[in-house]
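# Secondary and tertiary structure notes
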Amino acid sequence: MKLSVIIPVYNEVPTLAEIIRRVQAVKVNVSVGFANQTPITLEKEIVVVDDGSTDGSQEIIEAAAAEGGIIAVYHEHNQGKGAAVRTGFQRASGDIFVIQDADLEYDPREYGILIQPILENKTKVVYGSRFRGGPTKTMFFTHMIGNKFLTLVTNILYDTIISDMETCYKCFSADLIKDMPLHARGFEFEPEFTAKVLKRGHRIYEVPISYNGREFTEGKKLRPIKEGIKALWTLIKYKFID
Ligand SMILES: Nc1nc2c(ncn2[C@@H]2O[C@H](COP(=O)(O)OP(=O)(O)O)[C@@H](O)[C@H]2O)c(=O)[nH]1
Ligand SMILES: [Mg+2]
């Protein structure tokens, strides 16, 4: 059983070497079932997709790739997070995929928690939620309202009760996306993926995760109003088309 960790990267020099190191270091052990509780250790594949960085991120990726243990892919031009993760999906060969942002907001030690419901055949897709009681750094009120609103729209349109549509920690069986067209180039990947998973009748499992949000001074790039409108439109659009 193999886990593919897909890391989209755009100008992440301050955190990139450290997140690669953390992902490499983590041991993915998962206890499955009640009878035999010996943990299963998953093999791990790391796919780093540079999205046309101009700050030296490419050199960090090249250095890591030279040491071995990662698959490095480079976009010639910046295209956006959605394009980067989709490139990653094409190159990944694992049974289960997880998306890992290149900042240090999410903790790779939590992969096991994300994977367990999949290995126990409860679902094909698990979201790590920042709103289910895990330890979280308390971030911006405006972002929280935006996220809650977009999550509420998701729940109304697709009849479900998730708590964190925009989470980066989306973990799923590789076969889930085999016949799923994904078009997003930017951050509208999150609503597109969520809409299409739900439209196909899958139930998303949520598990609590920790969240160590970064500040704008530390490189946070999200522009909430523009992205919020795009996300809302994406949720509505994919209710009606594929
Ligand atoms: N902002 C941004 N992030 C990108 C892009 N392409 C890939 N990414 C990566 O997508 C992930 C999420 O973006 P990030 O800026 O951390 O979002 P934020 O933490 O909400 O500000 C990070 O790993 C980025 O490096 C892009 O064009 N723009
Ligand atoms: Mg981030």
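Right above here is the structure, for reference.
Presented here is an overview of the structure given in this document. (Residues numbered from 1 in each chain as written. Chains lettered and ligands numbered in written order. Predicted model: local features only at pLDDT ≥ 70, side-chain atom pairs only at ≥ 80, totals over all residues. Heavy atoms only, no water.)

Okay, the site of ligand 1 next. Inspection of the region around ligand 1 gives 17 residues, with P8, E12, D51, A102 and D103 positioned closest. In this structure, Y10 approaches ligand 1 through a main-chain N or O atom, which is 2.8 Å from an oxygen atom. In this structure, E12 approaches ligand 1 through a side-chain N or O atom, which is 2.6 Å from an oxygen atom. Protein coverage of the free-state accessible area of ligand 1, which is 540 Å², stands at 92%. Judged by the fraction of its atoms near the pocket grid, ligand 1 is located in the largest pocket. (Near = heavy atom within 4 Å. Polar contact = N/O pair within 3.5 Å; in protein donor to acceptor, adjacent residues only side chain to side chain. Areas by Shrake-Rupley, 256 points an atom, 1.4 Å probe, with all protein chains shown as cover. 1 Å grid on protein atoms, 1.4 Å probe; cavity = no way out; pocket = protein on both sides within 12 Å on 5 of 7 lines; lining within 4 Å. Sits in = over half its atoms within 2 Å of the grid points.)

Let us now look at the pattern of salt bridges. Tallied over the entire structure, the rule returns 18 salt bridges. Between E18 and R22 there is a salt bridge; the shortest N-O distance is 2.7 Å. Here E18 and its partner R22 are both found in helix α1 (residues 13-25), four residues apart, which amounts to about one turn of the helix. For E18, a relative accessible area of 23% corresponds to the partly exposed category. Here E192 ties to K196 by a salt bridge, and the two come within 2.6 Å at their closest N and O atoms. Of this pair, E192 and K196 both sit in helix α6 (residues 189-199), four residues apart, which is roughly one turn of the helix. Judged by its relative accessible area of 1%, E192 is buried. Each member of the salt-bridge network shares a partner with another, and the members are K81, D101, K170 and E190. (Salt bridge = Lys/Arg side-chain N within 4 Å of Asp/Glu carboxyl O. Helix = DSSP H or I, 4+ residues; strand = E, 2+ residues; numbered from the N terminus. Buried < 20%, exposed > 50% of the residue type's maximum accessible area, 1.4 Å probe, protein only.)

Let's shift gears to the packing of aromatic side chains. Inspection of the entire model under this criterion finds 10 aromatic pairs. For the pair F140 and F216, a centre-to-centre distance of 5.4 Å together with 35 degrees between the ring planes defines the contact as tilted. Within this pair, whereas F140 is found in the loop between β7 (125-129) and α5 (141-158), its partner F216 is found in the loop between β9 (204-208) and α7 (224-240), the two being separated by 76 residues in sequence. On the accessibility criterion, F216 (35% relative accessible area) is partly exposed. Each member of the aromatic cluster is reached from another via a ring pair, and the members are F89, F97, F172, F189 and F193. Taking NZ or CZ as reference, K239 lies 5.4 Å from the ring centre of Y158, over its face. (Phe/Tyr/Trp six-rings, centres within 6.5 Å; stacked < 30°, edge-to-face > 60°. Lys NZ or Arg CZ within 6 Å of the ring centre and 35° of its normal.)

In terms of burial, β7 is largely enclosed, as five of its five residues are buried. Side chains V125, Y127 and S129 project from β7 onto one buried face, and the interleaved V126 and G128 project onto a second face that is buried too. Across three bridges, the pairing between β7 and strand β8 (residues 170-173) is antiparallel. Across the sheet, V126 pairs through a bridge with C171, a residue of β8. (Pairing = 2+ DSSP bridges.)

Turning our eyes to something else, we now look at a nonpolar patch on the surface. Residues W233, I236, F240 and I241 make up a contiguous nonpolar surface patch of about 470 Å² in total accessible area. Within the fold, F240 resides in helix α7. Here F240 falls in the exposed class, since its relative accessible area comes to 66%. (Patch = residues over 30% accessible without salt bridge, like charges linked within 9 Å, V, L, I, M, F, W, Y side chains within 5 Å.)

Sheets are built from strands that pair by backbone hydrogen bonding, the pairs being arranged parallel or antiparallel. Read from one edge of the open sheet, seven strands run β5-β4-β1-β6-β8-β7-β9, paired in mixed fashion. Pairing within the sheet leaves two strands with one partner each, and these edge strands are β5 (70-74) and β9. Neighbour-to-neighbour, the strand axes of the sheet open up by a mean angle of 20 degrees, direction not taken into account. Where strand β1 (residues 2-9) meets strand β6 (residues 96-99), four bridges bridge the pair, whose relative direction is parallel. For S4, the partnering residue across the bridge sits in β6 and is F97. (Axes fitted to C-alpha atoms, helices over the stretch in contact; angles between N-to-C directions.)

Just distances and angles here, no functional claims.
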